[in-house]
Amino acid sequence: MIRHGLLLMSLLALSACGGGEDDLDQFINEVKSRTSKAIEPLPQIKQYQAFSFEPGERRDPFEANLISRAQRAAAAAGGVQPDFNRNKEPLEEFPLDSLRMVGTIEIRKQSYALIKAPDAVIHRVAIGDHLGQNYGKVTKVTEAEIELSEIVPDPFGGWKQRPATLGLAE
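Note that the structure is a prediction, hence the values are computed from the model and not measured.

> Looking at this model, I keep getting lost on the overall build of the protein. Mind explaining?
Looking only at helices and strands, one finds three helices and seven strands in the protein. The helix and strand sequence of the protein, counted from the amino end, reads α-α-α-β-β-β-β-β-β-β. Of all 170 residues assigned to the protein, the portion counted as buried reaches 21%. The long-range fraction of contacts in the protein, counting pairs at least 24 apart against all pairs at least 6 apart in sequence, stands at 36%. Of the roughly 13,900 Å² of accessible surface on the protein, a fraction of 55% belongs to carbon and sulfur atoms.

> Is there a simple way to explain the pattern of salt bridges in this structure?
If charged atoms from side chains of opposite charge come close, those side chains can pair. Taken as a whole, this structure holds three salt bridges when the rule is applied. Notably, a salt bridge pairs Arg162 with Glu150, separated by 3.0 Å at the nearest N-O pair. Highlighted residues: Arg162 in strand β7 (residues 159-167) and Glu150 in strand β6 (residues 145-153), separated in sequence by 12 residues.

> What is the right way to read the sheet that holds strand β2 (residues 110-116) from this model?
Strand pairing in a sheet is mediated by backbone hydrogen bonds. Such pairs are either parallel or antiparallel. Overall, antiparallel pairing links the three strands, which are arranged β1-β2-β3 in an open sheet. Since the sheet does not close on itself, it has two edges, and those belong to β1 (100-107) and β3 (122-125), each with one partner. With strand direction ignored, the average angle separating the axes of adjacent strands in the sheet is 25°.

> How should the nonpolar core be read in this particular structure?
The tendency in soluble globular proteins is for nonpolar side chains to be buried side by side. By size, the foremost hydrophobic cluster in this structure holds 16 residues, and its most contacted members are Leu91, Leu99, Ile115, Leu131, Ile146 and Leu166. Listing elements by their share of this core, those giving two or more residues are β2, β5 (136-141), β6 and β7. Non-local contacts of Leu131, meaning those with residues more than four positions away in its chain, are made with Leu91, Glu92, Leu96, Leu99, Val125, Gly136, Val138, Leu148 and Leu166.

> Honestly, the environment of Pro95 in this entry has me stumped. Any pointers?
Within the element layout of this structure, Pro95 appears in the loop between α3 (69-76) and β1. Given the relative accessible area of 33%, Pro95 is considered partly exposed.

> What exactly am I supposed to notice about helix α2 (residues 22-33) here?
The end-to-end C-alpha distance of α2, which contains 12 residues, comes to 17 Å, matching closely the 16 Å that a straight helix rising 1.5 Å per residue would cover. Burial analysis of α2 places just zero of its 12 residues in the buried class, a small minority of the element.

> Help me out: how do you make sense of the side chain of Glu92 in this one?
Examined against the element boundaries, Glu92 turns out to sit in the loop between α3 and β1. Classification of Glu92 by relative accessible area gives buried; the value is 6%. With residues near it in sequence (within four places) discarded, Glu92 still touches Arg86, Asn87, His130, Leu131, Gly132, Gln133 and Tyr135.

Each value, and the rule that gives it
- Residues numbered from 1 in each chain as written.
- Predicted model: local features only at pLDDT ≥ 70, side-chain atom pairs only at ≥ 80, totals over all residues.
- Heavy atoms only, no water.
- Helix = DSSP H or I, 4+ residues; strand = E, 2+ residues; numbered from the N terminus.
- Buried < 20%, exposed > 50% of the residue type's maximum accessible area, 1.4 Å probe, protein only.
- Contact = heavy atoms within 4.5 Å.
- Areas by Shrake-Rupley, 256 points an atom, 1.4 Å probe, with all protein chains shown as cover.
- Salt bridge = Lys/Arg side-chain N within 4 Å of Asp/Glu carboxyl O.
- Pairing = 2+ DSSP bridges.
- Axes fitted to C-alpha atoms, helices over the stretch in contact; angles between N-to-C directions.
- Core = buried A, V, L, I, M, F, W, Y, C linked by side-chain atoms within 4.5 Å.
- Expected span 1.5 Å × (residues − 1).

Quick look at the structure:
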């Protein structure tokens with residue numbers, strides 16, 4: 001009895017799904033009656049032509065040395081400019097305002113500043129080390145601050161030196 005009742009209810013449910021397809025048939029007929037646009041053919045692929053680069057007086061783009069002519073001119077004139085040939089130190093990848101001085105230590109009469117980088121690593125810095133993105137060089141380490149000498153571009157294509165400090169974080 002229960003089995004017959006379930007069979008009857010499922011037949012009624014399926015019969016409710018039938019019919020009412022007039023709007024679907026109308027939509028299909030409408031889409032089929034639309035005119036199609038002509039599809040443009042694919043463009044022809046041009047044959048690759050090799051190019052041999054002869055630098056002459058121009059800079060070789062495959063050369064690692066990226067010093068501009070203005071920088072070379074400033075160096076020739078005896079102006080201040082960064083040392084582009086030295087290896088960068090770890091703290092030079094961070095802007096100076098993102099670095100925090102967290103303390104100082106003294107080892108064998110040498111003062112070191114402890115700098116916390118944005119990646120939460122503490123670095124030991126002494127006079128002569130570099131930090132910040134403006135070629136900053138540490139000139140003095142005290143218990144309260146670090147004094148730096150930065151080399152920044154000037155508006156005329158050269159470089160100028162400016163002082164900077166990094167104080168002890170409270």
